[in-house]
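So the chains spell out like this:
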Amino acid sequence: MKVISYNLRKNRAVSELDALADDHGVDVLCLQEAEAVALPARLGHLSLVHATERNRLGLAMYVRDERFHTRSAHTFQLKKSLHDRLLAPAHERLLGVRLHDSELQRDLVVASFHAAPLTALNSLRRHQIHAALAELRHLGPGLPALMVGDYNYPVFKGRLDTEMRDTGYELSLSDKRTYTRYKMFRGHFDFATSMGLDIDSVRTLERGTSDHLPIMVTASMSEIPALQTSAA
């Protein structure tokens, strides 16, 4: 399964999505800072599953509909930073989708996530990450899960990695930095957390018009399946 995550920088990179999905044979495309109301229903072999409804610039997800059936899709609000309270740039910072993989006959949860900006503390972002993962566990109890997105977490990732491992998740960074616009903030902003999946690779793709570089996660189901139900 190939999953791409891309922060579109206030929707500026939306014109790149068709080529991005086609060139890499993407199965799931997770977006941040997308102008949700203007997104097309299809991008080549991908169909729009869901997008945030209360954000002008928010989250969206496309999936390969010949392989995946959407069981459910939900957006979630997370604890707000001062920036959020004053400027209200985003109400919903998590989009979670429960999918049925028709090739493997198994369910999993995939999510697009956008953490609070750098004006907030890492402690708030860690709170958001933990809260987001808790929502995904409710969305698909016991299912394999993958959350990708803009974590806005370029430094001091050691503590986050430890906390993820303590709660049963794996933190995966890409092979190259994903944000290089400002010298003092260069680093890995976009990465993935997962459970019940084998992460084969996380690649930083070529730069487009966004200030973030897209990442592509290649993952496979773990040999020992997570507990799951076949709820419709």
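Residues numbered from 1 in each chain as written. Predicted model: local features only at pLDDT ≥ 70, side-chain atom pairs only at ≥ 80, totals over all residues. Heavy atoms only, no water.

Enquirer: Please provide a residue-by-residue account of helix H1 (residues 17-24), values included.
Expert: Side chains of residues three or four places apart in an α-helix project in the same direction, reflecting 3.6 residues per turn. Along H1, the residues classified as buried are Leu17, Leu20, Ala21 and His24. With its buried residues spanning 95° around the axis, H1 presents them on a single face. Exposed residues lying more than 90 degrees from the buried face of H1 are Asp22 and Asp23. Residues of H1 that are buried sit in contact with strand E1 (2-7), strand E2 (28-35), strand E3 (42-43), strand E4 (46-51), strand E12 (197-204) and strand E13 (215-221). Of the residues trailing H1, Gly25 is marked for its positive phi of about 55°. (Buried < 20%, exposed > 50% of the residue type's maximum accessible area, 1.4 Å probe, protein only. Helix = DSSP H or I, 4+ residues; strand = E, 2+ residues; numbered from the N terminus. Arc of directions from axis to C-beta. Contact = heavy atoms within 4.5 Å.)

Enquirer: How would you summarise the confidence of the model for the chain if you had to cite specific residues and measurements?
Expert: Put simply, the chain has an average pLDDT of 90, and 90% of its residues get 70 or more. Every residue in residues 225-232 is under pLDDT 50, and counting partners more than four places away or in other chains gives 18 contacts. (pLDDT = per-residue confidence, 0-100.)

Enquirer: Outline the side chain of Thr52, supporting the account with residue identities and numerical values.
Expert: Considering the arrangement of structural elements, one finds Thr52 in the loop between E4 and strand E5 (57-64). Of the residues examined, Thr52 reaches a relative accessible area of 4% and is grouped as buried.

Enquirer: Outline a negative patch on the surface, supporting the account with residue identities and numerical values.
Expert: A surface patch of like charges, here negative, comprises Asp18, Asp22, Asp23 and Glu206. As for its position among the elements, Asp18 is in helix H1. Asp18 gets classed as partly exposed once you look at its relative accessible area, which sits at 44%. (Patch = residues over 30% accessible without salt bridge, like charges linked within 9 Å, V, L, I, M, F, W, Y side chains within 5 Å. Areas by Shrake-Rupley, 256 points an atom, 1.4 Å probe, with all protein chains shown as cover. Salt bridge = Lys/Arg side-chain N within 4 Å of Asp/Glu carboxyl O. Lys, Arg positive; Asp, Glu negative; His and termini not counted. Charge placed at Lys NZ, Arg CZ, Asp CG, Glu CD.)

Enquirer: Before we move on, can you summarise the nonpolar core with the specific residues and values?
Expert: With 23 residues, the main nonpolar core has Val28, Met61, Leu99, Leu146 and Val217 as its most contacted residues. Listing elements by their share of this core, those giving two or more residues are E2, E5, strand E7 (94-101), strand E8 (106-114), strand E9 (145-150), E12 and E13. Broken down by element, this core gets its largest block of residues, four residues, from E13. Core analysis: the second largest hydrophobic core is formed by 22 residues, Ile129, Tyr153, Leu160 and Tyr169 among them. (Core = buried A, V, L, I, M, F, W, Y, C linked by side-chain atoms within 4.5 Å.)

Enquirer: Run through the pairing of E5, naming residues and quoting values.
Expert: A large share of E5 lies buried, amounting to eight of its eight residues. When E2 meets E5, the two strands line up antiparallel, connected through six bridges. Its bridge partner being in E5, Ala34 is matched across the sheet by Gly58. The hairpin formed by E4 and E5 contains five residues between the paired strands. (Pairing = 2+ DSSP bridges.)

Enquirer: Any chance you could break down unusual backbone geometry for me, citing the residues and the numbers?
Expert: Positive phi outside glycine occurs at Glu33, with the angle close to 55°. With respect to the element layout, Glu33 can be found in strand E2. Residue Glu33 is classed as partly exposed on the basis of its relative accessible area of 22%. The phi torsion at Phe156 lies on the positive side, around 60°, for a residue other than glycine. Following the sequence through the fold, Phe156 ends up in the loop between E9 and helix H4 (157-166). Judged by relative accessible area, which is 68%, Phe156 ranks as exposed.

Enquirer: Give a detailed account of the sheet that holds E1, specifying residues and quantitative values.
Expert: The strand order E3-E4-E5-E2-E1-E13-E12 describes an open sheet built from seven strands, whose pairing is mixed. Unpaired on one side and paired on the other, E3 and E12 mark the two borders of the sheet. Two strands pair when backbone bridges link them, and E1 and E13 are joined in this way by four bridges, in the antiparallel orientation. Residue Val3 lies in a different strand from E13, and its bridge partner there is Val217. Across the sheet, H1 touches E1, E2, E3, E4, E12 and E13, and the angle it forms with E1 is around 155°. (Axes fitted to C-alpha atoms, helices over the stretch in contact; angles between N-to-C directions.)

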